[in-house]
Amino acid sequence: MSIRVVVADDQELVRAGFGMILDAQDDIEVVAEAADGREAVSAVRRHGPDVLLLDIRMPVMEGLEAARLVCAESGCKVVMLTTFDLDEYVYEALYAGASGFLLKDVRRDDLVHAVRVVAAGESLLAPTVTRRLVADLVKRRREQPAAAADGPPPPSLDALTAREVETLRLLARGLSNAEIAGTLFVSEHTVKTHVSNVLSKLGLRDRVQAVICAYETGLVAPGAP
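Residues numbered from 1 in each chain as written. Predicted model: local features only at pLDDT ≥ 70, side-chain atom pairs only at ≥ 80, totals over all residues. Heavy atoms only, no water.

Glancing now at the sheet that holds strand β2 (residues 28-34). Across the sheet, five strands lie side by side as β2-β1-β3-β4-β5; this open sheet has parallel pairing. The strands lining the two open edges of the sheet, one partner per strand, are β2 and β5 (100-103). Neighbour-to-neighbour, the strand axes of this sheet turn through a mean angle of 25°, independent of strand direction. Pairing analysis gives four bridges linking strand β1 (residues 3-8) to strand β3 (residues 51-55), with the strands arranged parallel. What sits directly across from Val-7, in β3, is Leu-53. Across the sheet, helix α5 (residues 108-119) is in contact with β1, β2, β3, β4 (77-82) and β5; its angle to β3 comes to roughly 125°. (Pairing = 2+ DSSP bridges. Helix = DSSP H or I, 4+ residues; strand = E, 2+ residues; numbered from the N terminus. Axes fitted to C-alpha atoms, helices over the stretch in contact; angles between N-to-C directions. Contact = heavy atoms within 4.5 Å.)

Among the residues of helix α8 (residues 162-172), Glu-164, Val-165, Thr-167, Leu-168, Leu-170, Leu-171 and Ala-172 are the ones counted as buried. Just downstream of α8, Gly-174 is the residue with a positive phi angle, here 95°. (Buried < 20%, exposed > 50% of the residue type's maximum accessible area, 1.4 Å probe, protein only.)

With that out of the way, let us pick up the state of the cysteines. The full count for this structure, using the stated rule, is zero disulfides. The thiol of Cys-71 is not disulfide-bonded; the next cysteine sulfur, from Cys-76, is found 7.7 Å away. A residue is classified by how much of its surface remains accessible, and Cys-71, at 9% relative accessible area, is buried. (Disulfide = S-S within 2.5 Å.)

Turning our eyes to something else, we now look at the nonpolar core. Counting residues in each nonpolar core, the largest one holds 26 residues, and the members touching the most others are Ala-8, Leu-52, Leu-54, Val-70, Val-78 and Met-80. Of all elements in the fold, only β1, β2, α2 (37-47), β3, α3 (63-73), β4 and α4 (88-96) reach the threshold of two or more residues within this core. Here Val-78 is in contact with Leu-52, Leu-54, Ala-67, Val-70, Cys-71, Ala-98, Ser-99 and Gly-100, once residues within four sequence places are set aside. In this structure, Leu-171, Ala-172, Leu-175 and Ala-181 belong to the second largest nonpolar core, which totals 24 residues. (Core = buried A, V, L, I, M, F, W, Y, C linked by side-chain atoms within 4.5 Å.)

What follows is the structure, given as C-alpha cells:
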C-alpha cells in the first residue's frame, strides 16, 4: 500500500519539486498540494493522507496553526518545512504535534527516507538533532515560566514499568532501537514493544514527543550525557 502524502508550501516550485520526487517512488503517492495553511487542512480532511509536508511560514493560515488542527483531528503525521536549521518555530512545531522538520534544501534521498520513516511512526529527526533541539527547547521553557504555563503539563511516568522508564531514558539520550536493544540486552522487537507501550501509556504521538516528555519530567536533564 502506498504512503499517501500532501505537500503544502506557498512556493509553487517547491511544491512541484517535492511532489515530483515523491511521486517517482513506487511506494509513495502525492494525493494533493496546497498553497496555504487553510488549503493544507482542507486537503488532509478530504484525502486522509499518511504524511503532510507543511511549510512553517504560510499565508492565510500559518503552518503552526495548520499543524495543530491536523494533529488534533487526524492521525496524519506532520513534517514541518523550514529554511533554517534552528528556526524558533521548530520548537513550537514539535509542541503542536509535528513529528519533526526538514530543511527545504533537503537532499532527494533524505526527503524520500524522511517520508517513509515518519509514515512508519518513527521520529523524523536524527537522534543527535532531536536531543539538541529538545534540550534547548526545555531549557527555554524553564527559563520562561510564563511561556511554559501555556502548554499542557507533562504526563506522569507512574504508569510505566521500570524497563519502560529505562527505555524512555535511553531514547531521550538519542539512542536508536538497535542501540537500546544492545544496552538492555534485549531484542529490537522487544524495544519496539517498550517504545509502543511508552507512547500509549503517556498518550504521546511519536518518539519526538516522548523525548520532550523525558526532559520535561526531569527523567533526563538538558546537557546530560
